[in-house]
Amino acid sequence: MEKIYSENPNKCKLAKASPETIKFLIGYSNSLQIIEHNNVQFENNLN
Amino acid sequence: MELQIDDSVLVKDYINGNEKALEVLINRHNQRISSFIYSKVLDRDVSEDIFQDTFIKVIKTLKKGNYSEEGKFLPWVMRIAHNLVIDHFRRNKRMPMFEGNDDFNIFSVIGDDKLNVEKQLIKDQIDSDLSVLVEELPEDQKEVLVMRIYRDMSFKEISENTGVSINTALGRMRYALINLRKVIEKNNIVLTN
């Protein structure tokens, strides 16, 4: 029997994270500082 | 022709404090990573959240100096995203998210049917305005209207209490409403919530 390929469309659609998310990530990166003390790393967020 | 800086160079730059390098990396791989996540979760909002969590992990790992550069930045990020997608499904399996559909919305069942503060204030104002207007009505009409609306009495009960026939009570009610409308229109009073 003929196989209908169009019945199962590819679910992988092109998507992109929003500019707000990217802005947030850049802001997060800017504010994040890693401080090391006695071989222990501390995250410091300077917001 | 624009020269594209290699991922490994951008990663090194970022580790050395060039924050701009991260922006380039995110924008360069945004579509591939987002599409990969979306193809698994099929939800724009969840996809956005996982994308964000992925790069938070990337940022932390790079800033902590825990990334070993082998020239495979994108596969590394994709692996983080993939693990977060698995975490998302595990979490949802333990605690499935209930979503209403067109026929049934959970908030219509558990929703609070009380008015919010603003609407309650408006309602109180309208009730108070209306009671002043009712006071303006002729005594016989006012009596019937108060019994019917405020005391929720039937016209049979009103008839028994006032000593008039049901038809008379109905007529008084009708005129009470007509007169109220006239006063409202005459004074341009707005009685809507």
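What counts and how
Residues numbered from 1 in each chain as written. Chains lettered and ligands numbered in written order. Predicted model: local features only at pLDDT ≥ 70, side-chain atom pairs only at ≥ 80, totals over all residues. Heavy atoms only, no water. Contact = heavy atoms within 4.5 Å. Buried area = accessible area lost by both parts, 1.4 Å probe. Salt bridge = Lys/Arg side-chain N within 4 Å of Asp/Glu carboxyl O. Helix = DSSP H or I, 4+ residues; strand = E, 2+ residues; numbered from the N terminus. Nonpolar A, V, L, I, M, F, W, Y, C, P; charged D, E, K, R; others polar. Buried < 20%, exposed > 50% of the residue type's maximum accessible area, 1.4 Å probe, protein only. Polar contact = N/O pair within 3.5 Å; in protein donor to acceptor, adjacent residues only side chain to side chain. Core = buried A, V, L, I, M, F, W, Y, C linked by side-chain atoms within 4.5 Å. Expected span 1.5 Å × (residues − 1). Phe/Tyr/Trp six-rings, centres within 6.5 Å; stacked < 30°, edge-to-face > 60°.

Participant: Go over the interface of chain B and chain A with me, naming the residues and quoting the values.
Facilitator: Residue-level contacts link 24 residues of chain B with 20 residues of chain A. Here chain B and chain A share an interface that buries about 2,200 Å² over both sides, 62% of which is from carbon and sulfur atoms. It is B:Gln31, B:Glu48 and B:Lys64 that lose the most area in chain B upon contact with chain A, and together they represent 23% of the buried surface on that side. In this assembly, chain B and chain A are joined by two salt bridges. If you list the elements that add at least two residues to the side of chain B that touches chain A, you get helix 2 (19-41) and helix 3 (44-64) of chain B. Considering each element in turn, the side of chain B that touches chain A owes the most residues, eleven residues, to helix 2 of chain B. Classifying every residue of the side of chain B that touches chain A by side-chain character gives nine nonpolar, eight polar and seven charged.

Participant: Can you break down the environment of B:Asn30 residue by residue, with the values?
Facilitator: Mapped onto the elements of the fold, B:Asn30 is located in helix 2. Residue classification places B:Asn30 among the buried residues on the basis of a relative accessible area of 3%. It is 8.5 Å that separates the C-alpha atoms of B:Asn30 and B:Phe51, two residues lying 21 residues apart in sequence. The contact partners of B:Asn30, leaving out residues within four places of it in the chain, are A:Ala15, A:Lys16, A:Ala17, A:Ile22 and B:Phe51. There is a polar contact of 2.8 Å between the side chain of B:Asn30 and the backbone nitrogen of A:Ala17.

Participant: Can you lay out the nonpolar core for me, pointing to particular residues and giving the numbers?
Facilitator: Judged by nonpolar contacts, the single largest core of 35 residues is most densely connected at B:Ile33, B:Ile37, B:Phe51, B:Phe55, B:Val58, B:Phe73 and B:Trp76. Those elements that provide at least two residues to this core are helix 1 (19-31) of chain A together with helix 1 (7-15), helix 2, helix 3 and helix 4 (73-94) of chain B. Not counting residues up to four positions away in its chain, the partners in contact with B:Ile37 are B:Ser47, B:Ile50, B:Phe51, B:Thr54, B:Ala81 and B:Val85. Within the second largest apolar cluster, 15 residues are counted, among which are B:Leu133, B:Met147, B:Val164 and B:Ile184.

Participant: Break down helix 7 (residues 139-150) of chain B for me, citing the residues and quoting the values.
Facilitator: All names here are of chain B. The end-to-end C-alpha distance of helix 7, which contains twelve residues, comes to 15 Å, matching closely the 16 Å that a straight helix rising 1.5 Å per residue would cover. For helix 7, the set of buried residues is Gln 141, Lys 142, Val 144, Leu 145 and Met 147. The inward-facing, buried residues of helix 7 abut helix 6 (117-135), helix 8 (155-162) and helix 9 (166-186). In the stretch just after helix 7, Asp 152 is the one whose phi turns positive, near 55°.

Participant: Residues and numbers for the packing of aromatic side chains, please.
Facilitator: Residues and elements named next belong to chain B. Counted under the stated rule, the structure contains four aromatic pairs over all chains. Note on Phe 51 and Phe 55: the rings are 5.1 Å apart at their centroids and 45° apart in plane angle, and the pair reads as tilted. Separated by four residues within a single helix, Phe 51 and Phe 55 lie in helix 3, roughly one turn from each other. The buried category is assigned to Phe 55, whose relative accessible area is 0%. Between the aromatic rings of Tyr 67 and Trp 76, the centroid separation amounts to 4.4 Å while the plane-to-plane angle is 45°, which identifies the pairing as tilted.

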